[in-house]
Amino acid sequence: MFSYIFMKVLESRPSRYDRWIDLLSFGHSASTRKQIITDYIRPGISVLDIGCGTGSLLVDAAAVGAKGCGLDISENMLSEARKKIRGLAAEDRINLYNAGISEIDSLFETNSFDVVVSTLVFSELYAEERTFALHQISRVLKPDGKLIIAVEVTPKSPVKRLIHFLIRLPLALLTYVIAQTGTRPCNDLQAEISSLGFTVLSEKLSFLDSFLVLTAESSPDLPDGPLSLPRPIDSENDISISKTIWDFIGRWFPNPVEPGLRLIGNPNRNSPVIVTANFHLTVRRVERALHGENVFLLVAPSNGINVWCASCGGEFTSHSILSVLKTSRIAERIDHHRIILPQFSAPGIDRKLLKTETGLVAVFGPAYARDIPAYLKSAPSLYKHNQADFSFSFRMEMLLSMNFIIWMAAGAIASFSGLKALLNFSLAFWGAGFLLYAGYPLLPGNSGWLKALYLSAFEILLLILIQSLFPAELAESIWRPVLVILFLNMWFGFDLRGIVAGSQSEAEALLQKTGLKSLSHLYSATAVRTGLIHQDTQLCHNCRFCLMVCPKGVYALTPQNEVRIVEQDECFACGACVKQCDVNALTLL
């Protein structure tokens, strides 16, 4: 339990993962891995490690003569695994794949493995994904092959469940704050496995019965045909007052809904297929926008983060979309081959991979859900609705959603000094935020911090002027409001440009300049893309994908209907156009 929660933090620091996961689990992680090697790995057998991370189990398996394949969606974790494997005598016995669990069907032949291991992965899968994964595992396992799953579970004993909850809650909250993700124990995994024809051989529970190592055996009687089509999710399940409130006051944190297929209206085999991320606010807005349409809506896992942030941050990727495409079996429900992706997902999507894996052709829709109906009636309307909206209403939404929790925490401290202190703090807090967020386009300077400094200077001069009208004995009190003004303005100016203008994150750029790698999980210097966009007009064949996916209007059509860069200064190196250019005509220099 303890190790799983902190695993989510450590995944963002692959180089430290092995050392800290063993430390935080009090050696339980290493002992579980050793037990698997001792009990089930033999020379000459083949092993598949799902969610292999940095490859520790594969290295140990290869050391005893087994052949191993590792699967992980994190390229950063696989990079660490490659470093660990490189130069080993058993290097040629290990193969690594940057892929999700739903891609097993296309990677491996039937009866390929003697042992399949999955450690701390099944808790992260949604219901249909687990079913799909288990069905594919049953296919790739050899007759009488072994499946070993290590996973967090909820204790059955009421007393242990209470203790587990009390211990887990602060750790889960800490992980939620640091790593921007949640964790959830598996329930009735044994029943799920048994229902698909596996025979459970053993179940070993840790202290408090909160961590399960389950071993199951493949059987010749396992169903070899396709599973029945999964039932669509009822859109009404997404209606939640608490989630809706959280949409607007907790934007720093994930707010997920269950991934999967939803039916909007009464879609038929020729109806459009729309894809979005499983952020609650996004899903609800898409569902409202599509009211009256007949559409298949696929909600892909993005860790409960909005499309743009999740795509740029590696949470909404081709693997996410492949997961929902395959688990929903959408290709069997339609007679066409077209899926419509959100425009803001372009930085993280490999359209070629999607087509290779599913035969489906991905195109990009408009930037916002409200414009999807117009797009469905006329696809060229996309070019009128493909730019990000940084209007006053958007900036006010960001002011509330990005700062409400901070105000609550700071306000709680201020309230210890009395109601008047709380009211004064609240007025200063929201006043400073309003001036910077609402006045962003009008304030001088290109940097959010610079705008905050200019505003602070003006406010301090105004304060001095007002103070001069009062008796001299009050002049000593000016330093307090000056400090408050400086602090609040610099707080709101922190990454302001990235939040309300869709520009490069100043916080991440500063980390990069100072040589720091990250600031908690929110800011990472490795996420900074720099450079100017360059177009090789000789290679360009005017496919218009760059025009389609650019959120800042960098590209436009010339009178000769050629796509060209027209607003170089608007580019903030999101990489969407480079990612989607099929002929490599675009580069960031």
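I will try to describe carefully the structure that is included in this document.

Conventions we followed
Residue numbers run consecutively from 1 along every chain, following the written order of its sequence. A pLDDT threshold of at least 70 governs which residues receive local features in this predicted model, and a stricter bar of 80 or more applies before side-chain atom pairs are shown or counted, although totals over entire chains, interfaces and linings include all residues. Think of the side-chain values as coming from all heavy atoms in the structure, minus any hydrogens and water. Between Lys or Arg on one side and Asp or Glu on the other, a salt bridge is scored when a side-chain nitrogen of the former is within 4 Å of a carboxyl oxygen of the latter. Helix numbers and strand numbers start at the N terminus; a helix is a DSSP run of H or I with at least 4 residues, a strand a run of E with at least 2. Note on exposure labels: buried denotes an accessible area under 20% of the residue type's maximum, exposed denotes more than 50%, and partly exposed covers the range between, all computed with a 1.4 Å probe on protein chains only. Criterion used throughout: strands pair if DSSP finds at least two bridges between them. To obtain each axis, a line is fitted to C-alpha atoms, and for helices this fit is confined to the stretch in contact; angles are then taken between N-to-C directions over 0 to 180 degrees. The contact criterion used is simple: two residues touch if any of their non-hydrogen atoms lie within 4.5 Å. When we speak of the arc, we mean the arc of directions from the helix axis to the C-beta atoms. Pairs were defined over the aromatic rings of Phe, Tyr and Trp, the Trp ring being its six-membered one, requiring ring centres within 6.5 Å. Orientation was assigned from the angle between planes: stacked under 30 degrees, edge-to-face over 60, tilted for the rest. Both a distance and an angle decide whether a charge sits over a ring: NZ of Lys or CZ of Arg must be within 6 Å of the ring centre and within 35 degrees of the ring normal. In the cavity and pocket records, a cavity denotes points on a 1 Å grid over the protein atoms alone where a 1.4 Å probe fits but cannot get out, a pocket denotes an open set with protein on both sides within 12 Å along at least 5 of 7 lines, and lining residues are residues with an atom within 4 Å of a point. Grid points are joined across faces, edges and corners, and a volume is the space filled by probe spheres set on the points. Three categories are distinguished: nonpolar for Ala, Val, Leu, Ile, Met, Phe, Trp, Tyr, Cys and Pro, charged for Asp, Glu, Lys and Arg, and polar for the others, with Gly belonging to the last. Only buried residues count toward a nonpolar core. Its members are Ala, Val, Leu, Ile, Met, Phe, Trp, Tyr and Cys residues joined through side-chain atoms within 4.5 Å. If an angle is under 35 degrees, it is roughly parallel; if it is over 145, roughly antiparallel; if it lies from 65 to 115, roughly perpendicular; otherwise it is oblique. By the definition used in this description, the sense in which the near helix is turned from the far one sets the handedness, with an anticlockwise turn below a right angle giving left-handed and a clockwise turn giving right-handed. Here a polar contact is taken to be a pair of N or O atoms separated by no more than 3.5 Å, where protein atoms must pair a possible hydrogen donor with a possible acceptor and residues adjacent in sequence count only if both atoms sit in side chains.

Let us now look at the pattern of salt bridges. With the rule as written, the count across this model stands at 20 salt bridges. One salt bridge connects Glu217 with Lys146, and the closest N-O pair in it is separated by 3.4 Å. Here Glu217 is found in strand β7 (residues 211-217), whereas its partner Lys146 is found in strand β5 (residues 141-152), with 71 residues between them in sequence. Since its relative accessible area comes to 22%, Glu217 is described here as partly exposed. Connected through salt bridges with shared partners, the residues Asp105, Lys326 and Glu357 form a single ionic network.

It is worth spelling out the sheet that holds strand β4 (residues 113-119) at this point. What links the strands of a sheet is backbone hydrogen bonding, and the strands pair in either a parallel or an antiparallel sense. Read from one edge to the other, the open sheet built from seven strands follows the order β3-β2-β1-β4-β5-β7-β6, with strand pairing classed as mixed. Across the chains shown, the open sheet's two edge strands, defined by having one partner strand only, are β3 (94-98) and β6 (199-205). Adjacent strand axes in the sheet meet at a mean angle of 15 degrees, parallel and antiparallel pairs treated alike. One ladder, built from six bridges, connects β4 with β5; its direction is parallel. Counted as the bridge partner of Phe113 is Leu141 from β5. Where helix α5 (residues 75-85) meets the sheet, it contacts β2 (67-72) and β3, and its direction lies at approximately 165 degrees from that of β3.

Most of β7 sits out of view: six of its seven residues are buried. Sheet topology places β5 next to β7; seven bridges connect them, and they run antiparallel. Along β7, the bridge assignment pairs Ile148 with Thr215. Relative to β7, β6 is paired through six bridges, and the arrangement is antiparallel. Within β7, the position partnered with Lys204 by the bridge is Val213.

Once that is clear, we can look at α5. Within α5, the full set of buried residues consists of Met77, Leu78, Glu80, Ala81 and Ile85. Seen along its axis, α5 keeps its buried residues to an arc of 155 degrees; they face one direction. Exposed residues on α5 whose side chains face more than 90 degrees from its buried face are Asn76 and Lys83.

Attention now goes to the packing of aromatic side chains. Going through the model one piece at a time under the given rule, you end up with 15 aromatic pairs. Centre to centre, the rings of Phe108 and Phe113 are 5.1 Å apart; their planes meet at 85 degrees, and the pair counts as edge-to-face. Taken individually, Phe108 and Phe113 each receive the classification buried, so the pair is uniform in this respect. Above the face of the Phe545 ring, Arg351 is positioned so that its terminal group lies 3.8 Å from the ring centre. Between the NZ or CZ atom of Lys451 and the centre of the ring of Tyr440, over which it lies, the distance is 4.5 Å.

The next point concerns empty space enclosed by the protein. Tallying each qualifying case throughout the model produces three cavities of 30 Å³ or more. By volume, the largest cavity amounts to about 100 Å³. Surrounding the largest cavity, 16 residues form its lining, Cys550, Val554, Cys571, Cys574 and Cys577 being those nearest its centre. Here the residues of the lining of the largest cavity are counted per class, giving 13 nonpolar, one polar and two charged.

Attention shifts here to the nonpolar core. Ile321, Ile330, Leu341 and Tyr437 are the most contacted members of the largest nonpolar core, which totals 75 residues. Among the nonpolar cores identified, the runner-up in size contains 30 residues, and Cys69, Phe108, Val151 and Leu196 belong to it.

Bringing the packing of helix α18 (residues 448-467) against helix α19 (residues 479-493) into the picture now. Contact pair α18 / α19: the axes reach a minimum separation of 8 Å and the direction vectors enclose 160 degrees. Relative to α19, the element α18 lies roughly antiparallel. Along this stretch, α18 crosses α19, giving a crossing that reads as right-handed. Here Gly448, Trp449, Ala452, Leu453, Leu455, Ser456, Glu459, Ile460 and Leu463 of α18 come into contact with α19, specifically with Pro481, Val482, Ile485, Leu486, Asn489, Met490 and Gly493. Looking at the contact of α18 with α19, its residues break down into 11 nonpolar, four polar and one charged.

Moving on, we come to unusual backbone geometry. Residues other than glycine seldom take positive phi values, yet Asn303 does so here, at roughly 65 degrees. Position of Asn303 relative to the elements: it lies in the loop between β10 (295-300) and α12 (307-312). Judged by relative accessible area, Asn303 falls into the partly exposed class, the value being 24%. For Asn542, which is not glycine, the phi torsion reads 55 degrees and is therefore positive. Note that Asn542 resides in the loop between β15 (533-535) and α22 (545-549).

This part takes up the side chain of Gln343. One can find Gln343 in the loop between β11 (338-341) and α14 (351-358). There is a polar contact of 3.1 Å between the side chain of Gln343 and the backbone oxygen of Val549. Within the structure, the side chain of Gln343 is placed 3.4 Å from the backbone oxygen of Cys550, a separation counted as a polar contact. Filtering out sequence-adjacent residues up to four positions away, Gln343 remains in contact with Phe364, Gly365, Pro366, Ala367, Asn386, Gln387, Met548, Val549, Cys550 and Pro551.

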